[in-house]
Amino acid sequence: MSQLHKFLFDGLPVRGMLVQLTDVWQEVLKRRAANVETGPYAEPVRHLLGEMTAAAVLMQSNIKFNGALVMQIFGDGPLKLAVVEVNPNLSLRATAKVVGELGEASTFPEMVNVNNEGKCAITLDPLNKMPGQQAYQGVVPLFDDQRNKLDKFSDVLQHYMLQSEQLDTTLVLAANDTTAAGLLIQRLPIKGEGNLAAKATMEDEDEIGRSEDYNRISILASSLTSDELLNLDAETILRRLFWEEKLVRFEPLIPSFACSCSRERVSNMIRSLGTEEVESILAERGEVEVGCDFCGEQYRYDAVDAAQIFTGTPTPPPAPSSLQ
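Brief notes about the packing of helix α9 (residues 263-273) against helix α11 (residues 303-311)
Two quantities define a packed helix pair, namely the angle between the axes and the distance from one axis to the other.
Next, step 1: Running from amino to carboxyl end, α9 crosses α11 at an angle of 80°, the nearest separation of the two axes being 10 Å. Of the possible angle classes, the one that applies to α9 and α11 is roughly perpendicular. Here α9 contributes Arg263, Ser267, Ile270 and Arg271 to the contact with α11, which in turn contributes Asp305, Ile309 and Phe310.
Next, step 2: Grouping the amino acids of the contact of α9 with α11 by side-chain chemistry returns three nonpolar, one polar and three charged.

And the structure:
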C-alpha cells in the first residue's frame, strides 16, 4: 500500500517526509498502457513522471493549503508536457505527452531541456475560490543561476523551494515500474508554517546554509540510494539514515489514485467548440469521442447526445465506474 510518513527531528529545526507510491503508481501506469492510441510510456518518461508524482505528493503534504497542487514541466524537447495533480486528501493523477519520437533521448535535459528553454511550474489552485481569487503559480527554468542545465528533476525542485520559501531543502527521488518514491528534508521556517504561496521572510533568507543541524541531516539523507529508496520499507530507511537522531513520527497518510474528469465536464468542453464544429466532427466520424489523458476514460457522443448538449436537455449519465 502507498504511504506517506511525516516526521520531525526532536529539538532540531528540521522536518522530513518519506513517500512510497506502489499501488497508486502502478494504477497510473496500467491505465496508460491500456490506452490503445498511446500505449505505455517509454522507460525514461516513466522514470521522470514517477519522480514528479512522488515530489508532488511531498510538496502538497508540506504546505497549509486547501486546494490542488499541480506540478508541470513544459519541455522544449520530445517530452512536451508532464503534469501531476495532488489534492489535499492526497488523491492524485498524472500524465505526460511526447511529441514525435523520443529517439535516443533518455536523460532529463535531453527530454525536456534541449535548448535550455524548458520550464517547471507549481500551481496552487484553491478548492473554493473567493470572487476574484486567482490560483498562485510559480515558474522556474530548468537551469541554475549560471544557466547550466540541471541534470536531475530533484535539483530543479530544490532550487525552486529555495527561491519560493527561502528554506534549505534536500530531495531524493526515484521511480521504476512498480514504485515512485521520495525523501524530503527541510529546515523549518523561523515564523509560521512556510507556504509556496507566501512571501519569504528575511529571517529565513538570512539562515540559508547556516544551520549545522540541517546540514548534517541533509548529508545523511543524500546518502540514500535509488535502490534503497525503492526497495526498502520506510522503517528500515529511517533507521539506517537517522539511527543517531530522535525522530517524532506521525501516523502514515495513504495517497490514492483519483481522476476528476466527468461526462458533465466533457459536455461543457464540447459545448465550447460550438455547434458548427461539433456537426463537422459528427459528419466525418459519426460520433464525438473524447478521452481523458489522466485516467483513460472514453466519453462518446452520437448525434442525439450532441444535440442534447446544445439544447440543454440533460444527458443520461453512464453507469458509474469504481473510480468515478
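Focus: the sheet that holds strand β9 (residues 180-187)
Next, step 1: Reading across from one edge, β8-β9-β2-β1-β10 is the order of the five strands in this open sheet, with antiparallel pairing throughout. Two strands bound the open sheet, and with one partner strand each, they are β8 (169-175) and β10 (247-249). For this sheet, the mean inter-axis angle between neighbouring strands, taken without regard to orientation, is 15°.
Next, step 2: The sheet contact formed by strand β1 (residues 3-9) and β10 spans three bridges and is antiparallel. Following the sheet pairing, Phe9 is matched in β10 by Leu247.
Next, step 3: Packed onto the sheet, helix α2 (residues 43-61) meets β1, β2 (14-21), β8 and β9 and runs at close to 140° relative to β8.

Some details on the confidence of the model for the protein
Next, step 1: Averaged over every residue, the pLDDT of the protein is 87; residues scoring 70 or more account for 90%.
Next, step 2: When pLDDT is averaged over each element of the protein, helix α7 (residues 226-231) comes out on top at 97 and helix α5 (residues 202-206) at the bottom at 55.
Next, step 3: Of the regions scoring below 50 in pLDDT, residues 314-324 engages in 13 contacts with residues more than four places distant in sequence or in other chains.

Brief notes about the environment of Ala56
Next, step 1: Among the structural elements, Ala56 can be located in helix α2.
Next, step 2: Looking at Ala56, the relative accessible area reads 0%, which means it is buried.
Next, step 3: Separated by 29 residues in sequence, Ala56 and Glu85 have C-alpha atoms that sit 7.4 Å apart.
Next, step 4: With sequence-adjacent residues up to four places away left out, Ala56 is seen in contact with Leu69, Met71, Val84 and Val86.

Some points on the layout of surface pockets
Next, step 1: In this structure, the largest pocket occupies an estimated 650 Å³ of space.
Next, step 2: Lining of the largest pocket is provided by 30 residues; of these, Arg32, Thr38, Ala96, Lys97 and Asp293 occupy positions nearest its centre.
Next, step 3: Going through the elements one at a time, α1 (23-33), β4 (79-86), β5 (91-98) and β12 (288-291) are the ones with two or more residues in the lining of the largest pocket.
Next, step 4: Counting residues per element, the lining of the largest pocket draws most heavily on β5, at five residues.
Next, step 5: The residue makeup of the lining of the largest pocket, split by class, is 16 nonpolar, seven polar and seven charged.

Side note on helix α8 (residues 234-242)
Next, step 1: Of all the residues in α8, the buried ones are Ala234, Thr236, Ile237, Leu238, Leu241 and Phe242.
Next, step 2: Contact partners of the buried residues in α8: β1, β2, β9, α6 (212-222), α7 and β10.

Conventions adopted
Residues numbered from 1 in each chain as written. Predicted model: local features only at pLDDT ≥ 70, side-chain atom pairs only at ≥ 80, totals over all residues. Heavy atoms only, no water. Axes fitted to C-alpha atoms, helices over the stretch in contact; angles between N-to-C directions. Helix = DSSP H or I, 4+ residues; strand = E, 2+ residues; numbered from the N terminus. Parallel < 35°, antiparallel > 145°, perpendicular 65-115°, else oblique. Contact = heavy atoms within 4.5 Å. Nonpolar A, V, L, I, M, F, W, Y, C, P; charged D, E, K, R; others polar. Pairing = 2+ DSSP bridges. pLDDT = per-residue confidence, 0-100. Buried < 20%, exposed > 50% of the residue type's maximum accessible area, 1.4 Å probe, protein only. 1 Å grid on protein atoms, 1.4 Å probe; cavity = no way out; pocket = protein on both sides within 12 Å on 5 of 7 lines; lining within 4 Å. Points joined across faces, edges and corners; volume = space filled by probe spheres on them.

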